[in-house]
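# Breakdown of the fold
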There are 2 protein chains.
Amino acid sequence: MKTIVTVNVSNRHIHLSREHVEALFGAGYKLTVKKTLMQPIQFAANEVVDVLGPKGMLEKVRIVGPERIRTQVEITVSEARKIGIEAFVRLSGNLDGSAGVTLKGTEGIVELKEGCIVAKRHVHVPASFAEEFGYKTGDTVSMKTSGERAVVFENIVMRVDKNNAELECHLDIEEANAALIKNGDKAEIIK
Amino acid sequence: MKTIVTVNVSNRHIHLSREHVEALFGAGYKLTVKKTLMQPIQFAANEVVDVLGPKGMLEKVRIVGPERIRTQVEITVSEARKIGIEAFVRLSGNLDGSAGVTLKGTEGIVELKEGCIVAKRHVHVPASFAEEFGYKTGDTVSMKTSGERAVVFENIVMRVDKNNAELECHLDIEEANAALIKNGDKAEIIK
C-alpha cells in the first residue's frame, strides 16, 4: 500500500507574541485576518514587518496569526545568508540559541536575541493514522517526490496531531524548488 | 565500495556570446578575469549584468567566461518566479524554447527570446571512471547526502568529460540549501 502525503510549502513568515505585536504596531493592537490557512485557526495577517540582520533586510515579511507565547521568525537558508545570520534548522518552538534579528513594524522595533530559524521539515500525522501504524511524535520518515527533479527527503519528523485530517508534509521554498514541487502536490512516504 | 562525489554549488550566472558582450559592454570589449573556477579554463568575470523579466530584476548577475556560441542565463526557480518568467529545468546548452529575459550592461541592452534556464543537476564523470563502470553521457544516477537535511537527489544526468579529474556534481543554491550542504562537501552515488 502506498502512503500518500500532501505537500504544503511555507514561505517566510513570522509568529508574534502579544508583547511584540504591541511593540511593533502599538498598544492594544490586534492582528487582522487577510486569509485563513490550512491548519486550523491559523491565518495570514494583513500586517507585515521588516526583518533586519547585520548584512541586510527582508522586507514585508508576512505575520501568521494567532499570537503565540513566543515570537518565531521562519526564513530560508538563502535568506539567512542574505541578512548575515546563521541558519539554524529547527522544529517550530525549538528556539533556544537560534539566531537573533531585529523586527521593524509601523510603530516600533523589537530586538530578538533568538527566535529566527529555518523550519525543519516535518509531517503532520492524524492521530488515527499514527495509532494504526504505530507512529509517535518525533519518529522520522522519508518522502519521495516524482518528476524530473525527483528527490527523497530523509529525516522528516512526524508530529501526531489530533486536529489533522490528513497527512501533510511542510517544506520550505528551497526544499520545494529543489524537488520542483508546489503547494498541494502529492508525494509518497517510503519508510 | 562507496562512490564519493564532490558537490559544486552554482550561484546564478550568465554565459555570453561574443555578439552580446559587444552589445552590452561596447564594440571590441573583452571580459576580464576576476577568479578562475574549478572547471578548466572557466572564470568568473569582473563584469556583471542586470537580468530583467516582466515582474522584476536580478541585479548584478555575474558573467562566467570564456564566451560561448550562445548566451545562457542560469538562475534558480525562486529567481525565475521573482522576475516573472517560467522556470525551465534544462541541461546547459539545451535552450530551445526556454525563457526570454532582457540583459542590461553598461553600454546597452539585449533582448533574449530564449536562453534563461534553471540548471538541471548533473555530474561530471572522468572518462576513465565512465569506462571502468560502463557509464555514458546521458545516463542518470542518484546521490545521497548526509546530515539533518539528508536528501537523495534522483535523476542526476552524467556527463562524461575527459578534462575532469574527479566526480563532481553540480547543484544550484536551492538544491544545496534543501540538503544543507555547501560547496566542496562530499556525497555518495548510490545507484
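See the structure above.
Residues numbered from 1 in each chain as written. Chains lettered and ligands numbered in written order. Predicted model: local features only at pLDDT ≥ 70, side-chain atom pairs only at ≥ 80, totals over all residues. Heavy atoms only, no water.

Our next topic: the overall build of chain A. A count of helical and extended segments in chain A gives four helices and 14 strands. What you see for chain A is a C-alpha radius of gyration of 17 Å, in line with the 16 Å of a compact globule of 191 residues. For the C-alpha atoms alone, the extent of chain A along its principal axes is close to 55 × 30 × 30 Å. Residues counted as buried form 52% of the 191 residues belonging to chain A. Put simply, 65% of the contacts in chain A that link residues at least 6 apart link residues at least 24 apart. (Helix = DSSP H or I, 4+ residues; strand = E, 2+ residues; numbered from the N terminus. Rg over C-alpha atoms; globule rule 2.2 N^0.38 Å. Buried < 20%, exposed > 50% of the residue type's maximum accessible area, 1.4 Å probe, protein only. Contact = heavy atoms within 4.5 Å.)

A cis amide bond links G65(A) to the next residue, P66(A), at an omega of 5°. Here P66(A) shows up in the loop between β5 (56–65) and β6 (72–74). Positive phi is not limited to glycine here, since N155(A) has a value of about 55°. A positive phi is found at L180(B), a non-glycine position, where the angle reads about 55°. Mapping L180(B) onto the fold places it in the loop between α4 (173–179) and β14 (186–189).

Looking now at the relation of the copies chain B and chain A. Mapping chain B onto chain A leaves a residual RMSD of 0.0 Å; the transformation is a rotation of 180° accompanied by 0.0 Å of translation along its axis. Both copies are brought into coincidence by an operation consistent with a two-fold rotation axis. Here 100% of the contact residues of chain B are again contact residues in chain A; the copies associate through an equivalent surface. (Least-squares fit on C-alpha atoms with pLDDT ≥ 70 in both.)

To continue, consider the interface of chain B and chain A. Counting residues at the interface gives 25 residues for chain B, matched by 25 residues for chain A. Across the chain B-chain A interface, the total number found is eight salt bridges. Note that K144(A) and E154(B) form a salt bridge whose closest N and O atoms lie 2.7 Å from each other. On inspection of chain B and its partner chain A, the count reaches 29 residue pairs in polar contact (both at pLDDT 80 or more). Residues that form the side of chain B that touches chain A fall into these classes: eleven nonpolar, four polar and ten charged. In terms of strand pairing, strand β12 (residues 151–161) of chain A meets strand β12 (residues 151–161) of chain B through three bridges, oriented antiparallel. (Salt bridge = Lys/Arg side-chain N within 4 Å of Asp/Glu carboxyl O. Polar contact = N/O pair within 3.5 Å; in protein donor to acceptor, adjacent residues only side chain to side chain. Nonpolar A, V, L, I, M, F, W, Y, C, P; charged D, E, K, R; others polar. Pairing = 2+ DSSP bridges.)

The subject of this paragraph is the nonpolar core. Core analysis: the biggest nonpolar cluster contains 44 residues, and V123(A), M143(A), V123(B) and M143(B) have the highest contact counts within it. Those residues in contact with M143(B) that sit more than four places away from it in its chain are V5(B), V7(B), V151(B), V152(B), F153(B), I156(B), C169(B), L171(B), A187(B), E188(B) and I189(B). (Core = buried A, V, L, I, M, F, W, Y, C linked by side-chain atoms within 4.5 Å.)

Attention now goes to helix α1 (residues 18–25) of chain A. Three or more residues of α1(A) are buried, namely H20(A), V21(A), L24(A) and F25(A). End-on, the buried residues of α1(A) take up no more than an arc of 105°, which puts them together on one face. (Arc of directions from axis to C-beta.)

Here we take up the pairing of β12(B). All names here are of chain B. Among the eleven residues of β12, eight are classified as buried, and the element is accordingly described as predominantly covered. Sheet topology places strand β10 (residues 122–126) next to β12; five bridges connect them, and they run parallel. Residue pairing across strands places V123 opposite M158, the latter belonging to β12. The pairing of strand β11 (residues 140–144) with β12 spans four bridges and is antiparallel. Each residue of the ladder has a partner; that of M143, found in β12, is F153.

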